[in-house]
Amino acid sequence: MTAGAALPERLEAVRRGIADAAAEAGRSVDEISLIVVTKFHPPRLVRDLFALGVTDFGENRHQEAQAKAAELADLDITWHFIGQLQSKKARQVRAYARVIHSLDRESVVDALASVESVVDCFVQLNLTDDPARGGVRDADLETLTERVLATSGLRLLGVMAVAPVGEEPRAAFARVRAASERVRAIAPAARYISAGMSGDYREAVLEGATHLRIGSAITGIRPTAG
Ligand SMILES: *Cc1c(COP(=O)(O)O)cnc(C)c1O
């Protein structure tokens, strides 16, 4: 990212980067969705990006996301919730998020059950050995997937992951692809992969990612650490 580059240029550069990665992977760019992560940035930035044609935005903290969604209710935005979810807040997240990327335990899945509406969701994988990190343990992937499939009001899109610091991203995303295949063996429609951020989206695209969550490469440096 060039320091001081304007928002339209940074957005365009990332779009070009995605197109290049898709071409390198022999994939159609049309099967790849860009979600711009706007955490810590003011609603004004979301408006500016919306005016540039961005419709999908990601947030990782419930209170901030809820406030932004309310303030920007005049725009037809698809909000993606990408942060760790607490069961007691899960229902409130459902109220504004059209897609939830971070299902990682049964209590959260159960809290999201609904007979009134359907929300799209991903099961998040923990690619580290640290249980404090978001995501389901590899060994529990099938069990959690079955739970989502048995819960009314949830439509499973696939798997989501963050590449661990210190692992080569391509290798991490190859593990995500393998996990995706395990989920598809149980739920053939759940073929999507949410993976890839500012620093590693090329590698994610090469390993089949369909939903990229890109923040700082587009928004610039976040106002506070995130
Ligand atoms: C912040 C965040 C991103 C975007 O990170 P950048 O490095 O700014 O692109 C993607 N996914 C999750 C889960 C995040 O919390």
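Note that the structure is a prediction, hence the values are computed from the model and not measured.

Conventions and cut-offs
- Residues numbered from 1 in each chain as written.
- Predicted model: local features only at pLDDT ≥ 70, side-chain atom pairs only at ≥ 80, totals over all residues.
- Heavy atoms only, no water.
- Helix = DSSP H or I, 4+ residues; strand = E, 2+ residues; numbered from the N terminus.
- Rg over C-alpha atoms; globule rule 2.2 N^0.38 Å.
- Buried < 20%, exposed > 50% of the residue type's maximum accessible area, 1.4 Å probe, protein only.
- Contact = heavy atoms within 4.5 Å.
- Areas by Shrake-Rupley, 256 points an atom, 1.4 Å probe, with all protein chains shown as cover.
- Lys, Arg positive; Asp, Glu negative; His and termini not counted.
- Charge placed at Lys NZ, Arg CZ, Asp CG, Glu CD.
- Axes fitted to C-alpha atoms, helices over the stretch in contact; angles between N-to-C directions.
- Parallel < 35°, antiparallel > 145°, perpendicular 65-115°, else oblique.
- Left-handed = near helix turned anticlockwise from the far one by under 90°.
- Nonpolar A, V, L, I, M, F, W, Y, C, P; charged D, E, K, R; others polar.
- Near = heavy atom within 4 Å.
- Polar contact = N/O pair within 3.5 Å; in protein donor to acceptor, adjacent residues only side chain to side chain.
- 1 Å grid on protein atoms, 1.4 Å probe; cavity = no way out; pocket = protein on both sides within 12 Å on 5 of 7 lines; lining within 4 Å.
- Sits in = over half its atoms within 2 Å of the grid points.
- Pairing = 2+ DSSP bridges.
- Right-handed = clockwise from strand over helix to strand, strands pointing away.
- UniProt positions renumbered as here; feature names shortened; annotations may be inferred.
- Points joined across faces, edges and corners; volume = space filled by probe spheres on them.
- Phe/Tyr/Trp six-rings, centres within 6.5 Å; stacked < 30°, edge-to-face > 60°.
- pLDDT = per-residue confidence, 0-100.

Colleague: Kindly report on the overall build of the protein, identifying the contributing residues and their values.
Modeller: Counting secondary structure elements, the protein contains 9 helices and 8 strands. In summary, the protein has a C-alpha radius of gyration of 17 Å against a globular reference of 17 Å for 226 residues, a match within 12%. When each of the 226 residues of the protein is scored for burial, the buried share is 51%. Contacts spanning at least 24 positions in sequence make up 56% of the contacts within the protein whose residues lie at least 6 apart. Carbon and sulfur atoms provide 51% of the accessible area of the protein, an area that totals close to 10600 Å². Charged side chains of the protein number 28 positive and 30 negative; the gap between the two group centres comes to 3 Å.

Colleague: So what's going on with the packing of helix H3 (residues 62–71) against helix H4 (residues 87–96)? Which residues, and what values?
Modeller: Here H3 crosses H4 at 30°, and the two axes come no closer than 10 Å. Taken together, the axes of H3 and H4 are roughly parallel relative to one another. Considering how the two elements wind past one another, H3 and H4 form a crossing that is left-handed. For the pair H3 and H4, the contacting residues are His62, Ala65, Gln66 and Ala69 in the first and Lys89, Gln92, Val93 and Tyr96 in the second. Residues of the contact of H3 with H4, tallied by class, amount to 4 nonpolar, 3 polar and 1 charged.

Colleague: So what's going on with the site of the ligand? Residues and values would help.
Modeller: Surrounding the ligand, one finds Val37, Lys39, Asn60, Ile82, Met197, Ser198, Arg213, Ile214, Gly215, Ser216 and Arg222. Between the ligand and Gly215, the relevant distance is 2.8 Å, taken from an oxygen atom to a main-chain nitrogen or oxygen of the residue. Ser216 has a polar backbone atom sitting 2.8 Å from an oxygen atom of the ligand. Taken by itself the ligand offers 390 Å² of open surface, and the protein chains cover 87% of this. With respect to the detected pockets, the ligand is housed in the largest pocket.

Colleague: So what about the pairing of strand E2 (residues 56–59)? Which residues, and what values?
Modeller: The side-chain alternation of E2 yields two buried faces, one formed by Asp56 and Gly58 and the other by Phe57 and Glu59. With 2 bridges connecting them, strand E1 (residues 33–37) and E2 associate as parallel partners. Paired with Val37 across the strands is Gly58, a residue of E2. Handedness of the crossover is the feature at issue here: the chain leaves E1, passes through helix H2 (residues 43–51), returns alongside E2, and the resulting connection is right-handed. Bridging between E2 and strand E3 (residues 78–81) involves 4 bridges; their strand directions are parallel. Counted as the bridge partner of Glu59 is Phe81 from E3. Handedness of the crossover joining E2 and E3 through H3: right-handed.

Colleague: Provide a residue-level description of the UniProt feature "domain: Alanine racemase N-terminal" (unreviewed entry) in the protein, including the pertinent values.
Modeller: Taking the numbering used here, the UniProt-annotated feature "domain: Alanine racemase N-terminal" (unreviewed entry) corresponds to residues 49–223. In residues 49–223, helix accounts for 38% and strand for 20%; the two terminal C-alpha atoms are 17 Å from one another.

Colleague: Please provide a residue-by-residue account of the layout of surface pockets, values included.
Modeller: Empty space within the largest pocket amounts to approximately 750 Å³. Taken together, 28 residues form the lining of the largest pocket, with Lys39, Arg133, Val162, Met197 and Arg213 sitting closest to its centre. Of the residues belonging to the lining of the largest pocket, the class tally is 11 nonpolar, 12 polar and 5 charged.

Colleague: Account for the packing of aromatic side chains, naming residues and giving values.
Modeller: Throughout the structure, instances matching the rule amount to 1 aromatic pair. Note on Phe57 and Trp79: the rings are 6.0 Å apart at their centroids and 45° apart in plane angle, and the pair reads as tilted. Highlighted residues: Phe57 in strand E2 and Trp79 in strand E3, separated in sequence by 22 residues. In this structure, Phe57 and Trp79 share a single accessibility class: buried.

Colleague: I'd like a description of the confidence of the model for the protein, backed by residues and values.
Modeller: Across the protein, pLDDT averages 96, with 96% of residues at or above 70. No element of the protein has a lower mean pLDDT than H4, which averages 96, and none a higher one than strand E7 (residues 192–194), which averages 99.

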